[in-house]
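# Observations on the three-dimensional arrangement
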Amino acid sequence: MSMMADHQGNSLFARIMNSNMAYSFKRNPVAIVSMAIFLIITLAAVFAPLIAPTDPYDPSLYDILDSELPPAWTNQGDPKFLFGTDDQGRDLWSAILYGTRTSLIIGICAVFVQAFLGISIGLISGYVGGRIDNILMRFADIQLSFSTLMVAIIFLAVSQALFGSETFNKYALFMLVGVIGIAEWPQYARTVRATVLAEKKKEYVDSARVLGFSSIRIMVRHILPNSLSPIFVISTVQVANAIISEASLSFLGLGMPVSQPSLGSLISSGFDYIFSGSWWITTIPGVVLVVLVLVINLLGDWMRDVLNPKLYKG
Amino acid sequence: MFAYLMKRLFQAIAVMFAISLISFAIQDNLGDPLRELVGQSVSEEVRQELRDELGLNDSFFKQYTRFAGKVLQGDLGTSYFFKEPALDVILKKLPATLELVLGATIIIIGVSVPLGVYTAIKPNSLFSKIVMGISIIGISIPVFLTAILMIFIFSVELRWLPSFGRGDVVHVFGPWSTNFATVDGWLHILLPSVALASIMLPLFIRLIRAEMMETLQSEYVRFAWAKGIRPKRIWFVHALKNTLLPVITVGGVQIGTMVAYTILTETVFQWPGMGFMFLEAVNRVDTPLIVAYLIVVGFIFVVTNTIVDLIYGLVNPTVNLSRMDA
């Protein structure tokens, strides 16, 4: 994208403000509100160490006597703990800030892995075609027929049993990114392949080929920039899905450990206490998770309407 | 058609082969069968002798063929924890999971078809907008959170419905006992099936709506209008029939996803099905049971996917052409 800006006289900002997308964004209250909430959550997550009153990763900071205190606005609440405390006496507000950060990091990194694998495979498959295309797409079919969650559950369960939970907890973040990233590449590969097949027939590709550019250069610098809009659209949906997958896996105890919680592991740790009436440990992280995923989905919906890639369905 | 059938069958067999290889690799590396058999107190020489006797020192290929042979005969090993053949343990848990999936499927079909059709026919009505709004919220709530919230509302606060287990089941035959015969059974299965259905519902409503809207634009529907056919007949006979075709394919693929979500739902509701059993087996490092679960679930996946593809190939003749020369 930056290279496109280099050739233009106008500043990038002015170009963005005059674009179609900005025009529709300014006229869509749902998109504006979603974007605002998304930015607030993201900023809160990025600056979690500055905002959070305590460090939730440091067990020496919490006091078991403070455990299961309800949020500050209720009768038994302690003004020191805005959203109350969990079963260990940990400040829930700090834990949620750090948890959102972990969830967002995993979601976004996993989508980067997916996008990298999927775009490369999709480009090769669509551009080269023939037998390679056949084999790659057959793999994509098979990979898609096994749901991501299923693959992730089995992979993580087996590695947890294999390495023991201590080693597993240490590398949980990387494993989650890896497994969610690898299991979902066909989503990108199929979309990119479909656009490449359409773009490949156009004249600019022919002329690039006549000029003697290498295949890789044509794929990356000529075809890829023209296939970006469907990639943007699926990326938003994929980030939302990756965050949900991560939360589900952590809820099953196959993801982030409670000592370094993501939103999913916070919800999971509160589930045992919901029957005794401590609703806040589960509900508040749950609401944050749902709001985060919802605004990403709403932004994705808006983006799909604006860019309207016909290839994308469901 | 025959070539297509053969191709699909070949792919199914290849996938099953890959699953069996993965399962075997897991069995080979996870846990030590000798320790499960004799404990720690046996000397190294006796261990080596036992290893030879059990064939644990054979080559990978030899061990794998032995494993595959046993699997083909239905012998998936003995569970360390239950001290029973792993396949029997799974078959005992299978009906509970299937009934849960059945309950969820009935809810999904019963709710998504009318809502999808309605929102396609009247896209601008208030009710359609509310349905679409709720469906995007529904997509954003993970299944376990729906389940927890429902437990909190209906079991903890209102005390209307039970929160865990299957309740009163009636034995039918073999390992199958059903939830659908007693009131208590119905009450127990209600929350889990609604939770399981909740994750698929928005997807299906949106899919049926999108397909239906596309179909309603097509030439033959316009021709039907021009002919003066009653609207109900056009919507439900002419348009809906063609809408359901892609829905079947997506539905087939979603069966796999459903199996994954049963693990989550069963964990929240402590439903004594396969998914709950699998997580317990993982916690106990019960290798034969883990491997057996993999093979059984992989088999269910491959069979349903193949059948769905074949049905789709039968119903939609264009598939054959595009895929056969591929």
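Structural data are supplied above this passage.
None of the values given here were measured: they were computed from a predicted structure.

Criteria and thresholds
- Residues numbered from 1 in each chain as written.
- Chains lettered and ligands numbered in written order.
- Predicted model: local features only at pLDDT ≥ 70, side-chain atom pairs only at ≥ 80, totals over all residues.
- Heavy atoms only, no water.
- Helix = DSSP H or I, 4+ residues; strand = E, 2+ residues; numbered from the N terminus.
- Contact = heavy atoms within 4.5 Å.
- Areas by Shrake-Rupley, 256 points an atom, 1.4 Å probe, with all protein chains shown as cover.
- Buried < 20%, exposed > 50% of the residue type's maximum accessible area, 1.4 Å probe, protein only.
- Buried area = accessible area lost by both parts, 1.4 Å probe.
- Salt bridge = Lys/Arg side-chain N within 4 Å of Asp/Glu carboxyl O.
- Polar contact = N/O pair within 3.5 Å; in protein donor to acceptor, adjacent residues only side chain to side chain.
- Patch = residues over 30% accessible without salt bridge, like charges linked within 9 Å, V, L, I, M, F, W, Y side chains within 5 Å.
- Lys, Arg positive; Asp, Glu negative; His and termini not counted.
- Charge placed at Lys NZ, Arg CZ, Asp CG, Glu CD.
- Pairing = 2+ DSSP bridges.
- Core = buried A, V, L, I, M, F, W, Y, C linked by side-chain atoms within 4.5 Å.

## A short note on the overall build of chain A
Broken down by element type, chain A carries 14 helices and 0 strands. Partitioning the contacts of chain A with sequence separation of at least 6, the portion at a separation of at least 24 is 71%. With an accessible surface of roughly 15,000 Å², chain A has 64% of that area assigned to carbon and sulfur atoms.

## Here's the deal with the overall build of chain B
Scanning chain B from terminus to terminus reveals 13 helices and 2 strands. C-alpha extents for chain B along the principal axes are approximately 90 × 60 × 35 Å. Residues classed as buried in chain B amount to 46% of the 326 residues present. Here the contacts in chain B between residues at least 6 apart in sequence split such that 70% fall between residues at least 24 apart. Carbon together with sulfur atoms contributes 67% to the accessible area of chain B, which is approximately 16,500 Å² in total.

## Observations concerning the interface of chain B and chain A
With 46 residues of chain B at the interface, the matching set in chain A holds 39 residues. Together, the buried faces of chain B and chain A total about 3,700 Å²; carbon and sulfur atoms form 80% of this surface. On the chain B side of the interface with chain A, the three residues burying the most area are B:Ser140, B:Phe144 and B:Ile148, jointly 14% of the side's total. At the junction of chain B with chain A, the criterion picks out 1 salt bridge. A salt bridge links B:Arg206 to A:Asp301; the nearest nitrogen and oxygen atoms lie 3.1 Å apart. Inspection of the region where chain B meets chain A yields 2 residue pairs in polar contact (both at pLDDT 80 or more). Of all the secondary structure elements, the ones that give two or more residues to the side of chain B that touches chain A are helix H1 (2–29), helix H6 (126–140), helix H7 (143–157), helix H8 (183–216), helix H10 (231–269), helix H11 (274–283) and helix H12 (287–315) of chain B. Of the residues forming the side of chain B that touches chain A, the biggest block, 10 residues, is contributed by H10(B).

## Observations regarding a positive patch on the surface
Residues and elements named next belong to chain B. Residues Lys 227, Arg 230, Lys 232, Arg 233 and Lys 241 make up a contiguous surface patch of positive charge. Sorting elements by how many residues they give to the positive patch places H10 first, with 3 residues. Relative to the helices and strands, Lys 232 resides in helix H10. Residue Lys 232 is classed as exposed on the basis of its relative accessible area, which comes to 59%.

## Quick notes on the pairing of strand E1 (residues 170–173) of chain B
Residues and elements named next belong to chain B. As paired elements, E1 and strand E2 (residues 176–178) share 3 bridges and run antiparallel to each other. Within E2, the position partnered with His 171 by the bridge is Ser 177. Count of turn residues in the E1/E2 antiparallel hairpin: 2 residues, of which Gly 174 carries a positive phi of about 55°.

## Here's the deal with the nonpolar core
Formed by 145 residues in total, the largest nonpolar core has its most connected members in A:Met150, B:Val268, B:Phe278 and B:Tyr293. For this core, the leading source of residues is helix H8 (residues 148–183) of chain A, giving 16 residues. For B:Phe278, the residues in contact, after removing those within four places along its chain, are A:Ile153, A:Ile154, A:Ala157, B:Ile263, B:Ile290 and B:Tyr293. A:Ile121, A:Met137, A:Ala140 and A:Trp185 belong to the second largest nonpolar core, which has 5 residues in total.

## Thoughts on a negative patch on the surface
A cluster of like negative charges, contributed by B:Glu44, B:Glu45, B:Glu49, B:Asp52 and B:Glu53, occupies part of the molecular surface. By secondary structure assignment, the location of B:Asp52 is in helix H3 (residues 44–54).

## Digging into the pattern of salt bridges
Two side chains of opposite charge can pair, provided their charged atoms sit close to one another. Within the structure shown, the criterion is met by 8 salt bridges over all chains. A salt bridge links A:Lys202 to A:Glu199, with the nearest nitrogen and oxygen atoms 3.3 Å apart. The class of A:Glu199 is buried, set by a relative accessible area of 9%. For the salt bridge of B:Glu84 with B:Lys92, the shortest nitrogen-to-oxygen distance reads 2.7 Å. Judged by relative accessible area, which is 26%, B:Glu84 ranks as partly exposed.

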